[in-house]
Every structure is written in C-alpha cells, then in structure tokens.
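Summary of structural features
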Amino acid sequence: MGAVEYRPGLEGVIATETSISYLDVDHEEIVVRGYNLLDLARQRTYVDVVGLLVHGSLPDERGRAELERQLLAAANVPAELWQILRLLPRQMDAMDRLRTAISALGGWDQAANSADPEQDRASGLRVIAQSATIVANLIRVAEGNEPLLPDDRRSYPENFLWMITGREPSAAEVRAFDQTLIAYSEHELPNSTFAARVIASTLADLYGALTGAVASLKGPLHGGANEAVMEMLLEAGDEEGLERLIRAKLARKERIMGFGHRVYMRRMDPRAQLLKETLAQLVTERGDPEGEKLLRMCQRGEDVMRSEKGLFPNLDYYAAPVYWVLGIPIDLYTPIFFAARTAGLVAHVVEQHAHNRLFRPRVLYTGPRGLKP
C-alpha cells in the first residue's frame, strides 16, 4: 500500500459525488439542488422541499397540493407499531424508541428489501409521512396514552405540530415550525447521512439505511446538541446566568453545545441566522416575555463565545429555543431533527442506489506485528 494522507474523521475527504446539496462556505450558502436553502425556508414550504429532494424539482401549486395529499394519506402507521413501542422500557431514550420504530416500519412495506431508486422514492414518501406521526407520539405512547392520529384537514407541518402539543397552533407557530423543518431537511454529508449512504452502498434497503441514520443522529456531537442547548439555557436561567455558566465551562475546558461546526469553522451557520430571525419573529407575534428572555440570553451567549473563542452558533443553538417557545418537549428535539432530515436521507439513498459504489476505505495500522501465537 503506497503512502497516503491520513485524515482523522475523514475531514476534508471527498467521499462521493452528489447533485443533492453542497455547503458553499465561501459564499455562506447551503445549496439544495441549485437553490439557496435559506431562500427556500423564507419563500417555500417544507412540502415543497420534500418534492425538491425526493423528486428533484420544486412542485408548482398543484403539485404541492398533490404531494401534501399523498403525505397525509400515508401518515397513519400500522396499529401493531404502537404495540411494539408500548412493549419497550418506559425509560428508553426517545431516539432509541424511534430507531426501533423505523426499523419495524419496513415489515409493513412489501418492497422493503428493494434497492431500486423508484421504489426508494415511493417508500421514502411513506416514511417521511409516518416518521412525523411516530415522533409526535413517542412520549405519549411511552406514558401509556393513546397516540394522537393525523387529521387530514390540516397541512403537513400543522398536523405534525398539533400531534406533538395537542393544541391548536397559530399560523405564526406553524410557519415557524415549518421553517425549522426546512432548516433541518438537508445538509450535504454529515455523519448520519454518510452512515445512511454507507449502508445503502451494500445495496441494503431504505429502512436499514434510515435506521443507521437514527443511531448516528442520537449522538450529542450530532443531533443531540439541540437538547443539550435547551438544558443549558434552562440551567442558566437568565442572561447573566448564561454568561457565568459559559465562562465556567470554558475555564474547565468543557464543550459548549450549539457552537462550532466541522464545516463552518469561523463563520455562523446560515441556518442559525435563519432560526434566530424565526425566533425573533415568533416571540414578537406572540408577545411572549419568556421567549423574549430566551432570545436575549442566546444573544448574550453568542457574544461571549465570539469574543472568547471566535466561535459562532450552529443550527441547534437557535432551534432549541424555537422549539421551547412552541411548547415542544425537549426529548423530542432530536427525533424532530430526524423526521425533518428524512427527506434529505431518502434523496441520498435514492442517489446511492442509482449510482452505487460500495464504500470500503482502508486504515492506518498502528498495532504490533510479528507476534507468535
């Protein structure tokens, strides 16, 4: 084996070709099939982005209505799946419950073992619809209650938020939630998407790839950061408390969740700026004193981290308080991340199966040699 450059964590390594998305750090733009993700979040809906990711183009008004109809028609999950979730230990982490549910869903798909791109799209739309229903009811079912099932009179994001909270959301709340779904929908090749593509490259099916993605996303260095951010904000209590907490953590050389990103090294994650605006709009429209306090706290934390470490917020830093203001339980923050990202994951599995090359990297061996048994 000739000399090769070792890149810990595969940093900077180009692992695949894709036409799905690209992080253009120099221009501070997240490109999704040619569109700026922030433009999509400000001007279109999550259902539009599902169409863009899964089918390759933005739907027109009629196409969006048809796609939303398809998603709502597929949103109910098999009754047996709720029975499976009820059998799991109540203390089991929500992401572990979700991983089990996504794996089990394949049992009710007659084409589950397919690695055909067209079948991936059909199955993928069902998983996008059903994952929202599952995520919204993870806590409810774990507590022994009946699931709140989709209402086909509601839009996809309204249904999702209504099933989570059990109350009627305002138009402003639905729009804010929809923007978070778009922000989380696709982001090139993070760990969970890479995991899904590695699994799919063996010609394993969509459900196997998505199950691996859930397992990856659970980790606090990936999807779990949004929950950690909210816990930090609640522990701090106010602006001064957050500054003291951050400075104490920095003195102990602890990681501050919600800051820094492997790709956005010295720039603010564009999605963080988007959800910072979303949070400000939401608390203004609601006239929400607690939300206004959270916004001030987040700004104080942002200022401290920029001055002390030169680090900027990532998406999770502002997604967490948006979810809190919307009344979403903290345990569901990362599962919602997965439900939103399912559209992007499906697109990557489709692409992997359509232009497959098995992932098989090598290692830099550092162990002993020449030992005798």
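Residues numbered from 1 in each chain as written. Predicted model: local features only at pLDDT ≥ 70, side-chain atom pairs only at ≥ 80, totals over all residues. Heavy atoms only, no water.

For the protein, an unreviewed UniProt entry supplies the name Citrate synthase and the organism Thermomicrobium roseum. Taken directly from UniProt, the Pathway (unreviewed entry) text for the protein runs: "Carbohydrate metabolism; tricarboxylic acid cycle; isocitrate from oxaloacetate: step 1/2." Among the UniProt annotations of the protein, the heading Sequence similarities (unreviewed entry) holds the following wording: "Belongs to the citrate synthase family." (UniProt positions renumbered as here; feature names shortened; annotations may be inferred.)

With that out of the way, let us pick up the pattern of salt bridges. This model, assessed by the stated rule, comprises 31 salt bridges. Here the residues in one salt-bridge network are E239, E240, E243, R247, R296, R300 and E308, joined through shared partners. (Salt bridge = Lys/Arg side-chain N within 4 Å of Asp/Glu carboxyl O.)

This part covers the packing of helix α11 (residues 225–236) against helix α15 (residues 315–325). Between α11 and α15, the least distance of the axes is 8 Å, while the angle of their chain directions is 70°. Between α11 and α15, the crossing angle belongs to the class labelled roughly perpendicular. Between α11 and α15 lies a crossing whose hand is right-handed. In contact with A225, N226, V229, M230, M232, L233 and L234 of α11, α15 contributes D316, Y317, A320, P321 and W324. (Axes fitted to C-alpha atoms, helices over the stretch in contact; angles between N-to-C directions. Helix = DSSP H or I, 4+ residues; strand = E, 2+ residues; numbered from the N terminus. Parallel < 35°, antiparallel > 145°, perpendicular 65-115°, else oblique. Left-handed = near helix turned anticlockwise from the far one by under 90°. Contact = heavy atoms within 4.5 Å.)

Before going further, it helps to examine helix α5 (residues 94–105). Along its 12 residues, α5 runs 16 Å from first to last C-alpha, staying within 8% of the 16 Å computed at 1.5 Å per residue. A large share of α5 lies buried, amounting to nine of its 12 residues. Here α5 has its buried residues at A94, M95, D96, R97, L98, A101, I102, A104 and L105. Buried residues along α5 sit in contact with α4 (79–87), α6 (117–142), α10 (206–217) and α16 (333–354). (Expected span 1.5 Å × (residues − 1). Buried < 20%, exposed > 50% of the residue type's maximum accessible area, 1.4 Å probe, protein only.)

Turning to the packing of aromatic side chains, a few remarks are in order. Enumeration over the complete set of coordinates arrives at nine aromatic pairs. Aromatic side chains Y156 and F160 sit 6.2 Å apart centroid to centroid with 75° between the ring planes, which places their arrangement in the edge-to-face category. One end of the pair, Y156, and the other, F160, are both in helix α7 (residues 156–165), four residues apart, so they sit about a helical turn from each other. This pair shows no difference in class: Y156 is buried, exactly as F160 is. These aromatic residues form a ring-pair network of at least three members: Y46, Y156, F160, F177, Y323 and Y333. Between R154 and the ring centre of W162, over which it is positioned, the NZ or CZ distance is 4.2 Å. (Phe/Tyr/Trp six-rings, centres within 6.5 Å; stacked < 30°, edge-to-face > 60°. Lys NZ or Arg CZ within 6 Å of the ring centre and 35° of its normal.)

Before going further, it helps to examine the packing of helix α2 (residues 46–55) against α6. Where α2 contacts α6, the axes come no closer than 11 Å and their chain directions differ by 155°. When the axis of α2 is compared with that of α6, the two are roughly antiparallel. α6 is crossed by α2, and the crossing has right-handed handedness. Residues Y46, V50, V54 and H55 of α2 pack against R121, L125 and I128 of α6. Tallied by class, the residues present in the contact of α2 with α6 amount to five nonpolar, one polar and one charged. (Nonpolar A, V, L, I, M, F, W, Y, C, P; charged D, E, K, R; others polar.)

Attention now moves to the nonpolar core. The nonpolar side chains of a soluble globular protein tend to be buried, and buried together. Of all hydrophobic cores here, the largest spans 114 residues; its most connected members are F160, F177, I328 and I336. A per-element tally of this core places α16 first, with 12 residues. When residues of this core are sorted by domain, at least three fall in each of domain 1 (19–168 + 186–217 + 328–353) and domain 2 (222–324). Setting aside residues up to four positions removed in sequence, F177 forms contacts with P157, F160, L161, I164, Y323, L326, I328 and I336. (Core = buried A, V, L, I, M, F, W, Y, C linked by side-chain atoms within 4.5 Å. Domains from an automatic or database assignment.)

Per the counting criterion, the structure on display carries three cavities of 30 Å³ or more. Here the largest cavity defines a volume of roughly 50 Å³. Taken together, L72, A75, A129, A132, T133, P150, Y156, N159, F160 and M163 make up the full set of residues lining the largest cavity. Counting residues per element, the ones that place at least two in the lining of the largest cavity are α6 and α7. Broken down by class, the residue content of the lining of the largest cavity amounts to eight nonpolar, two polar and no charged. (1 Å grid on protein atoms, 1.4 Å probe; cavity = no way out; pocket = protein on both sides within 12 Å on 5 of 7 lines; lining within 4 Å. Points joined across faces, edges and corners; volume = space filled by probe spheres on them.)

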